[in-house]
Amino acid sequence: MAGITATLFISACSNDEVDNVMDAVQTVSDVQTNVVSGDWMISSYVDSGVDETSDYAGYTFTFNNDGVVSASSTAEMLTGAWSVQMDDSSDSDVDFTLFFGVPDTHDFDDLSDDWDIVSYTATMISLRDVSGGSGEIDTLVFTQK
């Protein structure tokens, strides 16, 4: 049934809309494949113009196929959830969702969000998020170790 719905949706779209949907589907597939292929680190995290990359120095992130992400350092081990999916409100945006069940005073609470994928390669994922009411932009870059 989902295949029929997708076919009907795509056949009702213009060529540009179909291309955008197909690009988004490819992005989801590529990022899912890339992210589970090794260990990652945060090479940049800027929160509303303030560089907070050092808050995540020494952490290694491992993304598992089952949607579990672990972040480990010599001081602690955290687990959370991750996913990559098409944005519900757009035909072409792709979200990289992270969630760590930590208190809002913990640095990892800042990572828990629906991030927009800006760009990616096999060894880098660049994300951004527009902050709630203020409209300030946060950026997050994962680089493979």
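Keep in mind that this is a model prediction, so the values were computed, not measured. (Residues numbered from 1 in each chain as written. Predicted model: local features only at pLDDT ≥ 70, side-chain atom pairs only at ≥ 80, totals over all residues. Heavy atoms only, no water.)

Engineer: Can you lay out the overall build of the protein for me, pointing to particular residues and giving the numbers?
Structural biologist: Assigned secondary structure in the protein consists of 2 helices and 9 strands. Scanning the protein from its N terminus toward the C terminus, one meets helices and strands in the order α-α-β-β-β-β-β-β-β-β-β. Across the 145 residues in the protein, those meeting the buried criterion constitute 35%. Long-range pairs, those at least 24 residues apart, make up 44% of the contacts in the protein with a sequence separation of at least 6. For the protein, the accessible area works out to roughly 7,800 Å², and carbon and sulfur atoms hold 51% of it. (Helix = DSSP H or I, 4+ residues; strand = E, 2+ residues; numbered from the N terminus. Buried < 20%, exposed > 50% of the residue type's maximum accessible area, 1.4 Å probe, protein only. Contact = heavy atoms within 4.5 Å. Areas by Shrake-Rupley, 256 points an atom, 1.4 Å probe, with all protein chains shown as cover.)

Engineer: Provide a residue-level description of the nonpolar core, including the pertinent values.
Structural biologist: Grouped together as the largest cluster of nonpolar side chains are 29 residues, with contacts concentrated most on Phe61, Phe63, Phe96, Leu98, Phe108 and Leu111. Top element by residues in this core is helix H2 (residues 15-35). It accounts for 4 residues. If we skip the residues at most four places from it in the chain, phenylalanine 61 touches Gly38, Asp39, Trp40, Met41, Ile42, Val69, Ser70, Ala71, Phe100, Phe108, Leu111 and Phe142. (Core = buried A, V, L, I, M, F, W, Y, C linked by side-chain atoms within 4.5 Å.)

Engineer: An account of the packing of aromatic side chains is needed here, citing residue identities and associated values.
Structural biologist: Inspection of the entire model under this criterion finds 12 aromatic pairs. Ring centres of tyrosine 56 and phenylalanine 108 lie 5.3 Å apart, and the angle between their planes is 75°; this geometry places the pair in the edge-to-face category. Here the residue tyrosine 56 occupies a position in the loop between strand E2 (50-51) and strand E3 (60-63), and phenylalanine 108 occupies one in the loop between strand E6 (94-99) and strand E7 (113-120), the gap between them amounting to 52 residues. Ring geometry for phenylalanine 100 and phenylalanine 108: centres 5.0 Å apart, planes at 85°, overall edge-to-face. Just as phenylalanine 100 is buried, phenylalanine 108 falls in that class too. (Phe/Tyr/Trp six-rings, centres within 6.5 Å; stacked < 30°, edge-to-face > 60°.)

Engineer: So what's going on with the confidence of the model for the protein? Which residues, and what values?
Structural biologist: On average, the protein scores 85 in pLDDT, and the residues at 70 or more come to 81%. Counting interchain partners and residues more than four positions distant, the pLDDT-below-50 stretch residues 1-16 has 5 contacts. (pLDDT = per-residue confidence, 0-100.)

Engineer: So what's going on with the side chain of aspartate 129? Which residues, and what values?
Structural biologist: Within the secondary structure, aspartate 129 sits in strand E8 (residues 124-130). The buried charged residue aspartate 129 lacks any salt bridge partner; its closest oppositely charged side chain belongs to arginine 128, at an N-O distance of 7.9 Å. In this view, aspartate 129 contacts Asp113, Asp114, Trp115, Glu136, Ile137 and Asp138; residues no more than four positions away in its chain are not counted. (Lys, Arg positive; Asp, Glu negative; His and termini not counted. Salt bridge = Lys/Arg side-chain N within 4 Å of Asp/Glu carboxyl O.)

Engineer: So what about unusual backbone geometry? Which residues, and what values?
Structural biologist: Glycine aside, negative phi is the norm for most residues, and most peptide bonds take the trans geometry. Phi is positive for serine 48, close to 50°, though the residue is something other than glycine. Among the secondary structure elements, serine 48 is positioned in the loop between strand E1 (39-47) and E2. We classify serine 48 as partly exposed; its relative accessible area is 29%.

Engineer: Could you give an account of the environment of aspartate 110, naming the residues involved and the relevant values?
Structural biologist: By secondary structure assignment, the location of aspartate 110 is in the loop between E6 and E7. Given the relative accessible area of 28%, aspartate 110 is considered partly exposed. Sequence spacing of aspartate 110 and phenylalanine 99 is 11 residues, and the spatial spacing of their C-alpha atoms is 9.4 Å. Aspartate 110 has contacts with Tyr45, Asp47, Glu52, Tyr56 and Trp115, leaving out every residue within four places of it along the chain.

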